[in-house]
Amino acid sequence: QVQLVESGGGLVQAGGSLRLSCAASGLAFSRAAMGWFRQAPGKEREFVAAISWLGSNKDFADAVKGRFAISRDNAKSTVYLQMNSLKPEDTAVYYCNGETGLSYSEVRRRKFSSWGQGTQVTVSS
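Summary of the structure given here. What you are looking at is a predicted structure, and each value in this text was computed from that prediction instead of being measured. (Residues numbered from 1 in each chain as written. Predicted model: local features only at pLDDT ≥ 70, side-chain atom pairs only at ≥ 80, totals over all residues. Heavy atoms only, no water.)

### Focus on the packing of aromatic side chains
Next up, step 1: Taken as a whole, this structure holds 5 aromatic pairs when the rule is applied.
Next up, step 2: When the ring of Phe37 is compared with that of Phe47, the centres are 5.8 Å apart and the planes differ by 75 degrees; the resulting orientation is edge-to-face. Of this pair, Phe37 sits in strand E4 (residues 32-39) while Phe47 sits in strand E5 (residues 46-51), placing them 10 residues apart in sequence. The pair formed by Phe37 and Phe47 is uniform in burial state, with each residue classed as buried.
Next up, step 3: The interplanar angle of 85 degrees and the centroid separation of 5.8 Å between the aromatic rings of Phe112 and Trp115 together place this pair among those described as edge-to-face.
Next up, step 4: Residue classification places Phe112 among the buried residues on the basis of a relative accessible area of 12%.
Next up, step 5: For Trp115, a relative accessible area of 25% gives the class partly exposed.
Next up, step 6: Ring pairs connect the aromatic residues Phe37, Phe47, Tyr95, Phe112 and Trp115, which therefore count as one cluster.
Next up, step 7: A cation sits over an aromatic face here: Arg19 above Tyr80, 4.0 Å from the ring centre.
Next up, step 8: The positively charged end of Arg45 is found above the aromatic ring belonging to Tyr95, 4.6 Å away from the centroid. (Phe/Tyr/Trp six-rings, centres within 6.5 Å; stacked < 30°, edge-to-face > 60°. Helix = DSSP H or I, 4+ residues; strand = E, 2+ residues; numbered from the N terminus. Buried < 20%, exposed > 50% of the residue type's maximum accessible area, 1.4 Å probe, protein only. Lys NZ or Arg CZ within 6 Å of the ring centre and 35° of its normal.)

Written out as structure tokens, the structure reads:
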């Protein structure tokens, strides 16, 4: 059973920064592509960013390119999302997910069956 625990969300003013963390267990983390997703009120969950097993390859949604960075620490089974130049439209609950053996390029289209509780990010204007 994969368990995902997201943290680091909060309230920030537009232009500010936040760093999210996601601790994963129940999967072979060092061989799992990982990703971040978000869901705004009244909207479907959407892809944000993905990272390959060793962190050498990354994929970003157009809406966050140049502002967000994704990284991972395989020794800690943790993936991070550094969010800079935040905008009110970034307000959402942020979730992480991943799968052992998945390619980083497949993360954005993967239909994951279970999710963690997410962490709320609110950006005020």
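### Examining the pattern of salt bridges
Next up, step 1: Under the definition given, this model contains 6 salt bridges.
Next up, step 2: The partner of Glu46 in a salt bridge is Arg38, and the shortest N-O contact between them spans 2.7 Å.
Next up, step 3: For Glu46, a relative accessible area of 38% corresponds to the partly exposed category.
Next up, step 4: A salt bridge links Glu99 to Arg110; the nearest nitrogen and oxygen atoms lie 2.8 Å apart. Residue Glu99 is located in strand E9 (residues 92-100), and its partner Arg110 is located in the loop between E9 and strand E10 (119-124); the two are separated by 11 residues in the primary sequence.
Next up, step 5: Exposure remark for Arg110: the relative accessible area of 38% places this residue in the partly exposed category.
Next up, step 6: Members of the salt-bridge network, linked through shared partners, are Arg38, Glu46, Arg67 and Asp90. (Salt bridge = Lys/Arg side-chain N within 4 Å of Asp/Glu carboxyl O.)

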